[in-house]
Amino acid sequence: MSSGSSQREFLGVIRDTLDLIERHGGSAGGAAQPPALVPSEPLPSLLEQCRTLLREAAEQTPAPLRLVHHLACSGGTVIARCIAALPNVRLLSEVDPLSDHGHMGEKFFPTDLIGLAKFGSRPPEREVLVEIFRAGLAVLYEDGRRNGLDLVLRDHAHSHFCHGGAPEERPSLREILTGSYPLRGVVTLRHPLDSFLALRNNAWLHFSPATPGEYAHRYHAFLDRHADLPWLRYEDFLQDPETTMQRICAALDLVYDPAFRQLFTTLRLSGDSGRTGT
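Residues numbered from 1 in each chain as written. Predicted model: local features only at pLDDT ≥ 70, side-chain atom pairs only at ≥ 80, totals over all residues. Heavy atoms only, no water.

A. Spotlight on the packing of helix H8 (residues 192-201) against helix H9 (residues 212-225). In contact at an axis separation of 11 Å, H8 and H9 are set at 120° when each is read in the N-to-C sense. Overall, the two elements H8 and H9 adopt an arrangement that is oblique. In the crossing of H8 with H9, the sense of the turn from one axis to the other is right-handed. Along the contact surface, H8 presents Pro192, Ser195, Phe196 and Leu199, while H9 presents Pro212, Tyr215 and Tyr219. By residue class, the composition of the contact of H8 with H9 is six nonpolar, one polar and no charged. (Axes fitted to C-alpha atoms, helices over the stretch in contact; angles between N-to-C directions. Helix = DSSP H or I, 4+ residues; strand = E, 2+ residues; numbered from the N terminus. Parallel < 35°, antiparallel > 145°, perpendicular 65-115°, else oblique. Left-handed = near helix turned anticlockwise from the far one by under 90°. Contact = heavy atoms within 4.5 Å. Nonpolar A, V, L, I, M, F, W, Y, C, P; charged D, E, K, R; others polar.)

B. Region of the structure containing the pattern of salt bridges. Taken as a whole and assessed by the stated rule, the structure comprises 13 salt bridges. Asp96 is the salt-bridge partner of Arg170, the closest N and O atoms lying 2.5 Å from each other. Taken together, the residues Arg170 in the loop between helix H6 (157-161) and helix H7 (173-177) and Asp96 in the loop between strand E2 (89-95) and helix H4 (113-118) connect sequence positions 74 residues apart. Here Asp228 makes a salt bridge to Arg174, at a shortest N to O gap of 2.8 Å. In this pair, Asp228 is assigned in the loop between H9 and strand E5 (231-233) and Arg174 in helix H7, connecting sequence segments 54 residues apart. Through salt bridges that share partners, Arg90, Glu142, Asp143, Arg145 and Arg146 make up one connected network. (Salt bridge = Lys/Arg side-chain N within 4 Å of Asp/Glu carboxyl O.)

Written as structure tokens, this is what we have:
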């Protein structure tokens with residue numbers, strides 16, 4: 001049972017219980033309900049039903065780890081904030097354990113074990129960095145499972161596909177996690193000419209040659225590595241945010257709540273470098 005379906009079933013139990021209370025509670029004026037309308041059998045304990053649901057959820061397939069993939073300047077910040085505004089979502093923003101992008105020129109990583117290892121006296125191999133990442137993520141995943149939180153990772157695909165050398169030379173975030181968790185993912189896209197121009201305006205063309213042709217090559221590499229996932233357009237999100245968010249929730253098995261439109265502006269994420277207006 002997925003966490004999204006578990007939450008929906010739990011809410012259904014609460015609605016059924018409230019309906020029973022209304023039908024079999026007191027009549028107007030506080031008088032007791034006539035005995036003929038009182039159920040002959042005791043009503044099931046709501047607390048026990050909750051315990052049963054929790055036991056069943058624990059025995060079912062582990063909750064999926066959700067991944068959201070997009071390139072820089074493609075609307076990812078606002079979409080990620082909207083996802084983070086959904087019920088019970090714990091979203092980590094701009095995740096890539098093999099990224100060199102965030103460490104350029106920096107020398108201070110007191111809480112970053114991967115950064116400390118990479119810039120220590122004897123840096124480990126890439127495989128060790130991946131294992132450090134998996135070990136830390138396992139702790140967060142288990143904490144989320146215990147507390148009913150849906151863990152979502154926003155992939156920093158820019159580090160992989162639009163920074164430095166050829167993207168084919170290393171695994172993607174999704175490939176790193178395949179086999180360790182049941183995965184659900186979605187790709188969000190923006191017209192590549194618009195995203196290329198935005199990258200240029202922000203001085204974020206971190207590849208060479210910094211041409212539309214090279215960007216198109218890297219964009220194709222990104223799409224090829226995620227060809228089996230649902231693709232959703234940023235332009236469609238702007239035209240109809242509710243419908244697009246419902247599609248994202250269906251792809252990631254998250255509970256949809258239209259209140260995301262009122263809540264997302266209050267959220268700030270790590271690396272919140274994209275759109276900042278409301």
